[in-house]
Amino acid sequence: MAGAITTHLSEETARRPRHINEGPVVRIVLITIALLFLGLVVLLPLASVFVEAFKRGMDVYYSAITEKDALSALRMTLLAAAVAVPLNTVFGIAAAWAITKFRFKGKNLLITLIDLPFAVSPVIAGLIFVLMFGAQGFFGPWLASHDIQIIFALPGIVLATVFVTFPFVARELIPLMEAQGVLEEEAAASLGARGWQIFWRITLPNIKWGLLYGIILCNARAMGEFGAVSVVSGHIRGQTNTLPLHVEILYNEYQFSASFAAASLLVLLAIITLLVKAFIEWKTSQRKPATEGGGLPLLENE
């Protein structure tokens, strides 16, 4: 994969006009700066997490990640992501499909609202849900009378996670679907295909790699979310703590080895996410030459 990317970049560089090609000194300086910055800001801190996690031996590390509260935090993190990511996936597909395939009033407002979590602090987002669903909130008395608990429980964590992560899938699909246009869908409709047939056989196959990319980014943010979840969870140990909150509690209690051990689980999840992301980017780059020129291959193959 690396060789293919290098070859592609070399071909792109060769096609540039001679007067804008950078000299070897400039390239070396830029690459060195990028690598140094990456090493100091990203690689070194990540490596230090594993160094601290294993400093006191494998037994201490294993005990820290298999401890009851740690497993509960991991389970809560995965459960919140397992609920939030599919919800955001459905919303992202629907929003991107509506924005790129149809004309309607309020389209710009919808796009602005999709970007809202990028502008609002996660802590403010968590506070909004407390003001809505807390004991003294707008819906608090009604929820209490029906014995429904949202704040300081799993539903609140899921709501906060959904809020901070719902732009990722939509924002990944909107530019992709805009670039693809509507010609294939219109051609399929002219051949008698219905709405869901067009979606399953034309739209979805064309966006599948971009969709997976958006899902991965959404999942990564969902598992690592701290601010909004911290506000709505109540930090109830063994019940509503997610893995990032568990790391903070252990660190504040000066249990540094256990804290870094739990943090290493988040780093491992992030590394797995990056590997899958790199694979999808590679598959997307491999697919582009084959899809140039349009056409309706899926209608012919199925």
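Each chain carries its own residue numbering, running from 1 in the written order of its sequence. The predicted origin of the model limits local features to residues at a pLDDT of at least 70 and limits the giving and counting of side-chain atom pairs to 80 or more, whereas totals for whole chains, interfaces and linings rest on all residues. The side-chain figures draw on all heavy atoms in the structure; neither hydrogens nor water molecules are used.

- As annotated in an unreviewed UniProt entry, the chain carries the name Sulfate transport system permease protein CysW and comes from Paenibacillus sambharensis.
- Its UniProt record gives the chain the following Subcellular location (unreviewed entry) comment, quoted word for word: "Cell inner membrane".
- Word for word, the UniProt comment on the chain under Subunit (unreviewed entry) is "The complex is composed of two ATP-binding proteins (CysA), two transmembrane proteins (CysT and CysW) and a solute-binding protein (CysP)." UniProt positions are given in the numbering used here, feature names are shortened, and annotations may be inferred rather than shown by experiment.

1. Thoughts on the packing of aromatic side chains
(1) Moving on: Ring pairs are drawn from Phe, Tyr and Trp, using the six-membered ring of Trp, whenever the two centres fall within 6.5 Å, and their geometry is named by plane angle: stacked under 30 degrees, edge-to-face over 60, tilted for the rest. With the rule as written, the count across this model stands at 15 aromatic pairs.
(2) Moving on: Taken together, a centroid distance of 6.4 Å and an interplanar angle of 75° make the contact between Trp209 and Phe279 edge-to-face. With a gap of 70 residues between them, Trp209 in helix H12 (residues 195-224) and Phe279 in helix H15 (residues 256-291) connect regions that are remote in the sequence.
(3) Moving on: Take Phe279: its relative accessible area is 41%, and that puts it in the partly exposed class.
(4) Moving on: Site record: aromatic cluster; members linked through ring pairs are Phe91, Phe129, Phe133, Phe138, Phe139, Phe163 and Phe166. Helix and strand labels come from DSSP, where a helix needs a run of H or I of at least four residues and a strand needs a run of E of at least two; each type is numbered from the N terminus. Burial status follows relative accessibility: with a 1.4 Å probe on protein chains alone, a residue under 20% of its type maximum counts as buried, one over 50% as exposed, and anything between as partly exposed.

2. Quick look at the UniProt feature "transmembrane region" (unreviewed entry) in the chain
(1) Moving on: With numbering matched to this structure, UniProt assigns "transmembrane region" (unreviewed entry) to residues 25-51, 71-97, 109-136, 148-170, 211-236 and 256-280.
(2) Moving on: The span residues 109-136 is 79% helix and 0% strand, and its two end C-alpha atoms sit 31 Å from each other.
(3) Moving on: Helix makes up 81% of residues 211-236 and strand 0%, and the two end C-alpha atoms of the span are 35 Å apart.

3. What to know about the packing of helix H4 (residues 68-101) against helix H9 (residues 154-165)
The axes of two packed helices give the description: the angle between them and the distance between them.
(1) Moving on: Where H4 contacts H9, the axes come no closer than 9 Å and their chain directions differ by 50°. In terms of axis orientation, H4 runs oblique to H9. When the axes of H4 and H9 are compared, the crossing they make is right-handed. Together, Met76, Leu79, Ala80, Val83, Ala84, Leu87 and Asn88 of H4 and Leu154, Ile157, Val158, Thr161, Val162 and Thr165 of H9 make up the contact between the two elements. Interaxial angle, 0 to 180 degrees, is taken between N-to-C directions of lines fitted to C-alpha atoms, where a helix line uses only the stretch in contact. Oblique is the label for any angle not under 35 degrees, not over 145, and not in the 65 to 115 range, which are roughly parallel, roughly antiparallel and roughly perpendicular in turn. Crossings are classed by handedness, with left-handed meaning an anticlockwise turn of the near helix from the far one by less than a right angle and right-handed meaning a clockwise turn. Here a residue-residue contact requires only that any non-hydrogen atoms of the pair lie within 4.5 Å.

4. Describing the side chain of Asn206
(1) Moving on: Structurally, the position occupied by Asn206 is in helix H12.
(2) Moving on: Each polar contact in these results corresponds to two N or O atoms within 3.5 Å; when the atoms are within protein, one needs to be able to donate a hydrogen and the other to accept it, and residues that are neighboring in sequence are counted only if both atoms are side-chain atoms. From its side chain, Asn206 meets the backbone oxygen of Ile202 in a polar contact 3.2 Å long.

5. A few points about empty space enclosed by the protein
(1) Moving on: A pocket, in this scheme, is an open set of points on a 1 Å grid over the protein atoms alone with protein on both sides within 12 Å along at least 5 of 7 lines, while a cavity is a set where a 1.4 Å probe fits but cannot get out; residues line either one if an atom lies within 4 Å of a point. Grid points are joined across faces, edges and corners, and a volume is the space filled by probe spheres set on the points. Evaluation of the coordinates by the stated rule reveals 1 cavity of 30 Å³ or more.
(2) Moving on: Quantified by volume, the largest cavity comes out at close to 40 Å³.
(3) Moving on: If you trace the largest cavity, you find it lined by Thr77, Ala80, Ile157, Thr161, Ala222, Met223, Glu225, Val229, Thr242 and Pro244.
(4) Moving on: Secondary-structure elements contributing two or more residues to the lining of the largest cavity are H4, H9 and H12.

6. A word on the nonpolar core
(1) Moving on: As used in this record, nonpolar core signifies buried Ala, Val, Leu, Ile, Met, Phe, Trp, Tyr and Cys residues forming a set joined through side-chain atoms within 4.5 Å. In this structure, Ile114, Leu173 and Leu211 are the most contacted members of the largest nonpolar core, which totals 21 residues.
(2) Moving on: Within the residue set of this core, elements represented by two or more residues are H4, helix H5 (107-114), helix H10 (167-180) and H12.
(3) Moving on: At 7 residues, the largest contribution of residues to this core is made by H12.
(4) Moving on: Filtering out sequence-adjacent residues up to four positions away, Leu173 remains in contact with Gly92, Ile93, Ala96, Ile207, Gly210 and Leu211.
(5) Moving on: Within the second largest apolar cluster, 17 residues are counted, among which are Ile150, Ile157, Phe166 and Ala228.

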